[in-house]
Amino acid sequence: MKLTDGLFAYVWQGNDNNCNSYVFANTLGAKHILIDPGHVVTPFYREAGFDKLIKNMEKDGLRPEDIGLTVITHAHPDHMEAGKKFREKYGAKVAVHVDEAAAFKMFEGGEIDILLKTGKLKIDNQVTENLEIIHTPGHSTGEISLYWPAKKALAVGDVVFFRSTGRVDLPGGNPGKLRASIEELAKLDVEYLLCGHPYQHPGVIIGKEKIKENYK
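Let us look at the structure shown here.

Cut-off values and rules
- Residues numbered from 1 in each chain as written.
- Predicted model: local features only at pLDDT ≥ 70, side-chain atom pairs only at ≥ 80, totals over all residues.
- Heavy atoms only, no water.
- Pairing = 2+ DSSP bridges.
- Helix = DSSP H or I, 4+ residues; strand = E, 2+ residues; numbered from the N terminus.
- Axes fitted to C-alpha atoms, helices over the stretch in contact; angles between N-to-C directions.
- Contact = heavy atoms within 4.5 Å.
- Buried < 20%, exposed > 50% of the residue type's maximum accessible area, 1.4 Å probe, protein only.
- Polar contact = N/O pair within 3.5 Å; in protein donor to acceptor, adjacent residues only side chain to side chain.
- Salt bridge = Lys/Arg side-chain N within 4 Å of Asp/Glu carboxyl O.

**A word on the sheet that holds strand E10 (residues 144–148)**
Line of reasoning, step 1. Judged by pairing direction, the sheet is mixed, and its six strands sit side by side in the order E8-E9-E10-E11-E14-E15 without closing on themselves. The open sheet has two edge strands, strand E8 (119–120) and strand E15 (204–206), and neither has a second partner.
Line of reasoning, step 2. Bridge count for E10 against strand E11 (residues 153–157) is three bridges, and the pairing is antiparallel. Bridge pairing in E11 places Leu146 opposite Ala155.

The following block contains the structure:
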């Protein structure tokens, strides 16, 4: 689903648990960044998460071979699993925050090409857009959010949902850090808040006032 020029949302619509995925198009020259590719196949109902994502991207004119990078917001299987397949099948690099690398390897996420830290996203000087990595721990130790100032778009993984927040009872969870992360994100100028799951809502919150209200 196209939200605005260059910004696409793929809201999970299956019965099993899987994440929303987002594409920041043409942010690596002619290539795209995919945020949180989700499961290849969901764990309980065996739904084809990867195939559904590819099909929906192609409907929007996005070719999977044009994904140059998958950014993993945090190393939980429902967000990262298909990153390995994008890497093996299409050559897309995989990026994870440095504090999430151990968890990524523990869950057999495959090879990590880029270790992220807070600041401007730079990949061999290929990034043609001003994108910002923000370390937002609380749901997990090394969770990140990705901000695209030009589009006022913010992908937040499992930090914030519609009228809710990510869990803090999993390894690396910390309610104090989660609160601090949310307070930091709330300072940004955002028109598209891109949440990691469609809990009671698609998870794509549009409009500055609605986003502000959601933070409250």
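Structure's up, so let's keep going.
**Focus: the sheet that holds strand E6 (residues 93–97)**
Line of reasoning, step 1. Reading across the sheet, the seven strands line up as E1-E2-E3-E4-E5-E6-E7 and stay open at both edges, with mixed pairing between neighbours. Both edges of this open sheet fall to strand E1 (2–4) and strand E7 (114–116), since each of them pairs with a single strand only. The sheet shows a mean angle of 25° between the axes of neighbouring strands, taken without regard to direction.
Line of reasoning, step 2. Where E6 lies against E7, three bridges are found, and the strand directions are parallel. Note on E7: the bridge partner recorded for Ala95 is Ile114.
Line of reasoning, step 3. Helix H2 (residues 77–90) rests against strand E4 (31–35), strand E5 (67–71) and E6 of the sheet, and its axis sits at about 160° to E5.

**Comments concerning the side chain of His74**
Line of reasoning, step 1. Summarising the element assignment, His74 is placed in the loop between E5 and H2.
Line of reasoning, step 2. We classify His74 as buried; its relative accessible area is 0%.
Line of reasoning, step 3. In terms of polar contacts, His74 uses its side chain to reach the side chain of Glu143, at 3.3 Å.
Line of reasoning, step 4. Setting aside residues up to four positions removed in sequence, His74 forms contacts with His79, Met80, Glu100, His139, Ser140, Glu143 and Asp158.

**Brief notes about the pattern of salt bridges**
Side chains carrying opposite charge are able to pair once their charged atoms draw close together.
Line of reasoning, step 1. Tallied over the full model, the rule gives 11 salt bridges.
Line of reasoning, step 2. Of the charged contacts in the structure, one is a salt bridge between Arg179 and Glu183, with a shortest N-O distance of 3.2 Å. With a gap of four residues between them, Arg179 and Glu183 both fall in helix H4 (residues 175–185), about one helical turn apart.
Line of reasoning, step 3. Given a relative accessible area of 44%, Glu183 falls into the partly exposed group.
Line of reasoning, step 4. Here Lys208 makes a salt bridge to Asp189, at a shortest N to O gap of 3.0 Å. With Lys208 in helix H5 (residues 208–215) and Asp189 in the loop between H4 and strand E14 (192–195), the pair connects residues that are 19 residues apart, well separated along the chain.
Line of reasoning, step 5. What makes Lys208 partly exposed here is its relative accessible area of 31%.
Line of reasoning, step 6. Judged by its relative accessible area of 32%, Asp189 falls in the partly exposed class.
Line of reasoning, step 7. A network of salt bridges, in which partner residues are shared, links Arg63, Glu65 and Asp66.

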